[in-house]
Amino acid sequence: MRNIETDAVVIGGGATGAGILRDCALRGIKAILVERDDIANGTTGRNHGLLHSGARYAVTDGRSATECIAENRILKHIASHCVEETGGLFLTLPEDDLAFQDTFITSCTAAGIETKKLSRDQALKLEPNANPGMLGAVRVPDGTLDPFRLSSSNILDAVEHGGQLLNYTKVVGLIIEQGVVKGVNCVDMKTGEALAIRAQQTVNAAGIWGQQIAEYADLSIKMFPAKGSLLIMDYRINSMVLNRCRKPADADILVPGDTVSLIGTTSKKVPYEDIDTIKVDDDEIDLLITEGEKLAPILGKSRILRAYCGVRPLISVSGDTSGRNITRGIVIRDHKETDGLPGFVTVGGGKLMTYRLMAEMTTDLVATNLGSTACCVTSEKKLPGAARGEHSLPVKVSVPVSASARYRHGERSDGFLNESSKSQAVICECEMITRGELEYAINKLNARSLVDLRRRTRLGMGPCQGEVCACRAADVLQESLSVKGEVNVANDLDEFLQARWKGVLPVLWGDALREADFTYWTYQGLLGASSLKQIKHMDEEVPDYEV
């Protein structure tokens, strides 16, 4: 068994875990993050990607609204390459109570959220695809936030300041000695190697899976899994975030994100034992389409690209099992104080929007327990890539390629937007991703598979869902990983296509069905995809195998 010593070990590679790793690194605290899969694979990567202004919570949860608008302004400063300031409209439809507008505006003002009441015509001028039957609208500073880019940038900054990421490393137990948690026992999911990470502080930031981590110490943290499902349209049908001006309900947010639009979410309680096997139900799809058309009628005529769902990490603040004390606020437990178990901290609840604040509060506690007086600087220090436009060098590649790269990676794109014709080769036409960008993601952003590349670059997230680009990207991955002694492209291609198929399956009709059929015959009939794994087993006999 390999042994590593550090100050703090963070469990969970979502936005909060990534934020804690970065915060620790910037304070000079040696820290390692362990994640059983890839970063942003759980709840972080399965939401709207909405940069909340807090307006959605203003009437029902003033504290969350105040936290959201504060973090909204911070993220626009430190993570500009992850944020699109689209603005948002809260529409009052004929079936809604117009008098709610005044309550909404009063509550937003109390939370510090700027608003502007608009007439129907004023709102339609800003968002022509909004429902023309609306009675009026309120404009708020909503926007969009890329959760994959955000998590990846936090990790990148942490690593550049001494932090360490061990993705595909599963925690299989806590190291507990004389009543103190002193680290974690892990297994490398790629190699099977056992690993012990000894640390003075162990942070449980595993989200909905945090209940399982706590059980390693015989602690009870009661999670209440609530599934939320969403649909993705195959192009961007709205330019501003559209909400319903009423108390939060199902399917009442339509968010533009990069090249697509997303409608969501639903909210269904699911048994805890089902959190790894949830799927989108037919009735949820019907509800999302029906309610989405009310926000933007064009949605009903649009092709649905895919469906997906995630689980909100709601937590009981008092151990109550009735569900009456569930909170969507931030919950941090120092188990030394609550359970007499020093060395172990759990963070849960909250939202993607408040990940940085959650990380700051958790790291404050970790620093105190370690005797560190270093202060948090994450509200001021920009993430790698956020200096977009400030240091970008002139390049000779086409504007669509350079603009897309800089949109996703800011000034860090200067490193791969060079004059090499090989580097400039476009691999994914839907998202204008070059070979150089993929190599940057592999070498600098810890991408080890095609699915990892999707999260860091949007590979395969456009209209064709990887149909055209997957094989090309596999070739780039094969070449890069071969240098590192890792050759797994056959399995990767299969997993990538299966993951794409999983999202398409619930919406398999019309154009989506035709596209899926074409994809199947391309990979199965033309490329013989089903034989890839067999060829993988022949690696020793056929070392020069190529896709």
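These figures come from a predicted structure and were not determined experimentally.

Asker: Mind showing me how you'd approach the state of the cysteines here?
Answerer: Defined simply, a disulfide is a covalent bond joining two cysteines at their sulfur atoms. By the definition in use, this model includes 0 disulfides. Cys 464 carries a free sulfur, and the closest cysteine sulfur to it, the one in Cys 430, is 4.0 Å from it. Under the relative-accessibility criterion, Cys 464 is labelled buried at 12%. Of all cysteine sulfurs in the structure, the one in Cys 469 sits closest to Cys 471, which takes part in no disulfide; the separation is 9.5 Å.

Asker: I keep staring at the layout of surface pockets and nothing clicks. Help me out?
Answerer: It is a probe the size of a water molecule, rolled over the atoms, that shows where empty space is left. A volume near 490 Å³ is recorded for the second largest pocket. For the second largest pocket, the lining is made up of 25 residues, of which Leu 497, Trp 501, Ala 516, Thr 519 and Tyr 520 are closest to its centre. Residue assignment for the lining of the second largest pocket shows that the elements contributing at least two residues are helix 15 (489-504) and helix 16 (510-526). Broken down by element, the residue count for the lining of the second largest pocket peaks at 9 residues, all from helix 16.

Asker: Looking at this model, I keep getting lost on the side chain of Ser 153. Mind explaining?
Answerer: Tracing the chain through its elements places Ser 153 in helix 5 (residues 147-160). Setting aside residues up to four positions removed in sequence, Ser 153 forms contacts with His 81, Cys 82, Leu 383 and Pro 384.

Asker: Looking at this structure, I do not really get unusual backbone geometry. What am I missing?
Answerer: One can expect most non-glycine residues to show negative phi and most peptide bonds to be in trans. The residue after Gly 264, namely Thr 265, is reached through a cis peptide bond having omega -20°. Its place among the elements puts Thr 265 in the loop between strand 16 (260-264) and strand 17 (268-269). Although it is not a glycine, Asp 218 sits at a positive phi angle of roughly 60°. Judged by its relative accessible area of 73%, Asp 218 is exposed.

Asker: In this structure, what is going on with empty space enclosed by the protein? I would like to understand it.
Answerer: One pass over the structure, following the stated rule, counts 2 cavities of 30 Å³ or more. Counted as a void, the largest cavity has a volume near 90 Å³. Residue lining of the largest cavity: 14 residues in total, with Ser 152, Ser 153, Arg 408, His 409 and Leu 445 positioned closest to the centre. Counting residues per element, the ones that place at least two in the lining of the largest cavity are helix 5 and helix 10 (399-409). Per-element tally for the lining of the largest cavity: the top contributor is helix 5, with 5 residues. Taken together, the residues of the lining of the largest cavity sort by class into 5 nonpolar, 5 polar and 4 charged. Its volume calculated, the second largest cavity comes out at about 50 Å³. Around the second largest cavity, the lining residues are Ala 55, Arg 56, Val 59, Phe 90, Phe 100, Phe 104, Arg 244, Arg 246, Lys 247 and Pro 248. Tallied by class, the residues present in the lining of the second largest cavity amount to 6 nonpolar, no polar and 4 charged.

Asker: So what exactly am I meant to see when it comes to helix 10 here?
Answerer: Because an α-helix completes one turn every 3.6 residues, residues spaced three or four positions apart along the sequence face the same direction. All buried positions along helix 10 are accounted for by Val 401, Ser 402, Ser 404, Ala 405, Arg 406, Arg 408 and His 409. Just past helix 10, the residue Gly 410 takes up positive phi, approximately 55°.

Asker: Sorry if this is basic, but what is going on with the pairing of strand 1 (residues 2-11) here?
Answerer: Along any regular strand, the residues point their side chains to alternate faces of the sheet. When strand 1 meets strand 12 (residues 194-204), the two strands line up parallel, connected through 9 bridges. Residue Glu 5 lies in a different strand from strand 12, and its bridge partner there is Arg 198. Sheet topology note: the strand 1/strand 2 (residues 31-35) ladder contains 4 bridges and is parallel. Within the sheet, the bridge partner assigned to Ile 11 lies in strand 2 and is Val 34. Following the backbone out of strand 1, through helix 1 (residues 15-26) and into the adjacent parallel strand 2, one traces a crossover that is right-handed.

Asker: What am I meant to see in the pattern of salt bridges here?
Answerer: As a working rule, side chains carrying opposite charge can pair if their charged atoms are close by. Tallied over the entire structure, the rule returns 44 salt bridges. Between Lys 268 and Asp 283 there is a salt bridge whose closest N-O contact spans 3.2 Å. With Lys 268 in strand 17 and Asp 283 in helix 7 (residues 282-295), the pair connects residues that are 15 residues apart, well separated along the chain. For Lys 268, a relative accessible area of 27% puts it in the partly exposed group. Taking relative accessible area as the criterion, Asp 283 reaches 45% and is therefore assigned partly exposed. Residues participating in the shared-partner salt-bridge network are Lys 227, Lys 268, Lys 279, Asp 281, Asp 283 and Glu 284.

Asker: Got a minute to help me understand the packing of aromatic side chains in this structure?
Answerer: How two aromatic rings sit relative to each other is given by the distance of their centres and the angle of their planes. Applying the stated criterion across every chain, the model contains 3 aromatic pairs. Both rings, one in Tyr 520 and one in Trp 521, keep their centres 5.1 Å apart while their planes meet at 85°; by these two values the pair is edge-to-face. We classify Tyr 520 as partly exposed; its relative accessible area is 47%. Taking the relative accessible area as the measure of exposure, Trp 521 reaches 52% and is therefore exposed. Across the ring face of Tyr 168, the terminal group of Lys 190 is positioned such that the distance to the ring centre comes to 4.4 Å.

Asker: Would you explain the confidence of the model for the protein chain in this entry?
Answerer: In regions of low pLDDT, the predicted coordinates are not meant to be interpreted in detail. Summary statistics for the protein chain give a mean pLDDT of 90 and a share of 92% for residues scoring 70 or more. Within the model, pLDDT remains below 50 along residues 535-547, and this stretch shows 11 contacts once partners closer than five positions in the same chain are excluded.

Asker: Teacher, can you tell me more about the nonpolar core here?
Answerer: Soluble globular proteins: nonpolar side chains tend toward being buried together. Core analysis: the biggest nonpolar cluster contains 60 residues, and Val 34, Leu 91, Ile 197 and Leu 231 have the highest contact counts within it. For this core, the element with the highest residue contribution is strand 18 (residues 304-316), accounting for 5 residues. Residues in contact with Leu 91, not counting those within four places in the same chain, are Asp 96, Ala 130, Asn 131, Met 134, Gly 136, Ala 137, Leu 242, Asn 243, Arg 244, Cys 245 and Leu 295. One finds Val 401, Ala 441, Leu 453 and Leu 493 within the second-largest nonpolar core, a separate group that totals 33 residues.

Asker: Is there a simple way to explain the side chain of His 48 in this structure?
Answerer: Tracing the backbone shows His 48 in the loop between strand 2 and strand 3 (50-51). Separated by 3.2 Å, the side chain of His 48 and the backbone oxygen of Gly 264 make a polar contact. With residues near it in sequence (within four places) discarded, His 48 still touches Leu 230, Ile 253, Val 255, Leu 262, Ile 263, Gly 264 and Thr 265.

What counts and what doesn't
Residues numbered from 1 in each chain as written. Predicted model: local features only at pLDDT ≥ 70, side-chain atom pairs only at ≥ 80, totals over all residues. Heavy atoms only, no water. Disulfide = S-S within 2.5 Å. Buried < 20%, exposed > 50% of the residue type's maximum accessible area, 1.4 Å probe, protein only. 1 Å grid on protein atoms, 1.4 Å probe; cavity = no way out; pocket = protein on both sides within 12 Å on 5 of 7 lines; lining within 4 Å. Points joined across faces, edges and corners; volume = space filled by probe spheres on them. Helix = DSSP H or I, 4+ residues; strand = E, 2+ residues; numbered from the N terminus. Contact = heavy atoms within 4.5 Å. Nonpolar A, V, L, I, M, F, W, Y, C, P; charged D, E, K, R; others polar. Pairing = 2+ DSSP bridges. Right-handed = clockwise from strand over helix to strand, strands pointing away. Salt bridge = Lys/Arg side-chain N within 4 Å of Asp/Glu carboxyl O. Phe/Tyr/Trp six-rings, centres within 6.5 Å; stacked < 30°, edge-to-face > 60°. Lys NZ or Arg CZ within 6 Å of the ring centre and 35° of its normal. pLDDT = per-residue confidence, 0-100. Core = buried A, V, L, I, M, F, W, Y, C linked by side-chain atoms within 4.5 Å. Polar contact = N/O pair within 3.5 Å; in protein donor to acceptor, adjacent residues only side chain to side chain.

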